[in-house]
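Understanding the architecture of this molecule
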Amino acid sequence: MSAQVLTGQVIACGGWSLVLNMEWANTIVDNFELVKIPRAPNWLIGAVNIDGNIVPVVDLSIYFVPNAAPMQIDRHHRILVGGKREESAEGASGDDSVFAILFNGLPMQIEYTREAIDALVIIPDRLRELCLGMARNNATSNSNKTHFEMNADRFIEFLSLSLM
């Protein structure tokens, strides 16, 4: 049986190359105005207004390594907005499971197959907890490049619980 081919967005968060499946990833925003959230955890770096919805913004590089220095946000940073928007009875969209991830550089869409993470790979526990596996790029020119495939649904559960 051949491995399932998936499509995702590759982003760089600190020193980590992450893939978020296109079923989760909605929009990439180049220009945004980040508003700080008082008393929020250090990895919840603020919120942005996306089409009239307030969306929390997470810096996964700080979430993975809590004592890491926060990045200075500059013109090379973008946010990847993802999640499921549910329509309410009044027709307004709720955004309980929508959040954004801060990343630097340019995103890249790839087709990939999922592989198990080698137990000998040394990564932060928080990164391992949120990984579905390694994403191996199916493009022939980058066939040896792998990325960590994120479980965004698991992270949104954690985000919801930690902010209650």
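Residues numbered from 1 in each chain as written. Predicted model: local features only at pLDDT ≥ 70, side-chain atom pairs only at ≥ 80, totals over all residues. Heavy atoms only, no water.

1. Quick look at the environment of Asp 125
Let me state the cut-off plainly: The way it works is that DSSP assigns letters per residue, a run of H or I at least four long becomes a helix, a run of E at least two long becomes a strand, and they are numbered from the N terminus. Residue exposure (1.4 Å probe, protein chains only): buried if accessible area is under 20% of the type maximum, exposed if over 50%, otherwise partly exposed.
Looking at where Asp 125 falls in the secondary structure, it is placed in helix α2 (residues 125-130). What makes Asp 125 exposed here is its relative accessible area of 59%. Distance from Asp 125 to Val 65, taken between C-alpha atoms, is 9.1 Å for residues 60 residues apart in sequence.

2. Topic: the pairing of strand β6 (residues 77-82)
In summary, the side chains of a regular strand alternate between the two faces of the sheet. The condition that has to hold: Two strands qualify as a pair provided DSSP detects at least 2 bridges between them.
Among the 6 residues in β6, 6 count as buried, and that is most of the element. Residues His 77, Ile 79 and Val 81 of β6 are buried on one face, and the alternating residues Arg 78, Leu 80 and Gly 82, pointing to the opposite face, are buried as well. As defined by bridge partners, strand β3 (residues 25-29) adjoins β6 across 4 bridges and the pair is classed as antiparallel. Looking at β6, one finds that Ile 28 is bridged to Leu 80.

3. With respect to the side chain of Arg 78
Definition in use: We call two N or O atoms a polar contact when they sit within 3.5 Å, provided that within protein one can donate a hydrogen and the other can accept it, with sequence-adjacent residues counted only if both atoms are side-chain atoms. It only takes one pair of heavy atoms within 4.5 Å for two residues to be counted as in contact.
On the secondary structure map, Arg 78 appears in strand β6. A polar contact is formed between the side chain of Arg 78 and the backbone oxygen of Gly 105, at a distance of 2.8 Å. Beyond its immediate sequence surroundings of up to four residues, Arg 78 is in contact with Ile 28, Val 29, Asp 30, Phe 32, Ile 101, Leu 102, Phe 103, Gly 105, Leu 106 and Pro 107.

4. Points about the environment of Pro 107
Residue placement: Pro 107 occurs in strand β9 (residues 99-115). Among the residues examined, Pro 107 registers a relative accessible area of 25% and is labelled partly exposed. Through-space distance from the C-alpha of Pro 107 to that of Leu 18 is 10.0 Å; in sequence the pair is 89 residues apart. Those residues in contact with Pro 107 that lie beyond four places of it in its chain are Gln 9, Val 10, Ile 11, Ile 28 and Arg 78.

5. Topic: the pattern of salt bridges
Opposite charge on two side chains permits pairing when their charged atoms draw close. The line we're drawing: By definition here, a salt bridge exists when the distance from a side-chain nitrogen of Lys or Arg to a carboxyl oxygen of Asp or Glu is within 4 Å.
Tallied over the entire structure, the rule returns 3 salt bridges. Taking the shortest distance from any N to any O, the salt bridge between Glu 149 and Arg 114 comes out at 2.5 Å. Of this pair, Glu 149 sits in strand β11 (residues 146-150) while Arg 114 sits in strand β9, and the two are 35 residues apart along the sequence. You can call Glu 149 buried: its relative accessible area is 1%.

6. Digging into the pairing of strand β1 (residues 5-13)
Pairing analysis gives 7 bridges linking β1 to β9, with the strands arranged antiparallel. Within the sheet, the bridge partner assigned to Thr 7 lies in β9 and is Glu 111. With 6 bridges joining them, β1 and strand β2 (residues 16-21) adopt antiparallel strand pairing. When the sheet's bridge partners are listed, Ala 12 is paired in β2 with Ser 17. Taking the residues between adjacent antiparallel strands as the criterion, β1 and β2 are bridged by 2 residues, where Gly 14 takes a positive phi near 65 degrees.

Structural measurements only, silent on function.
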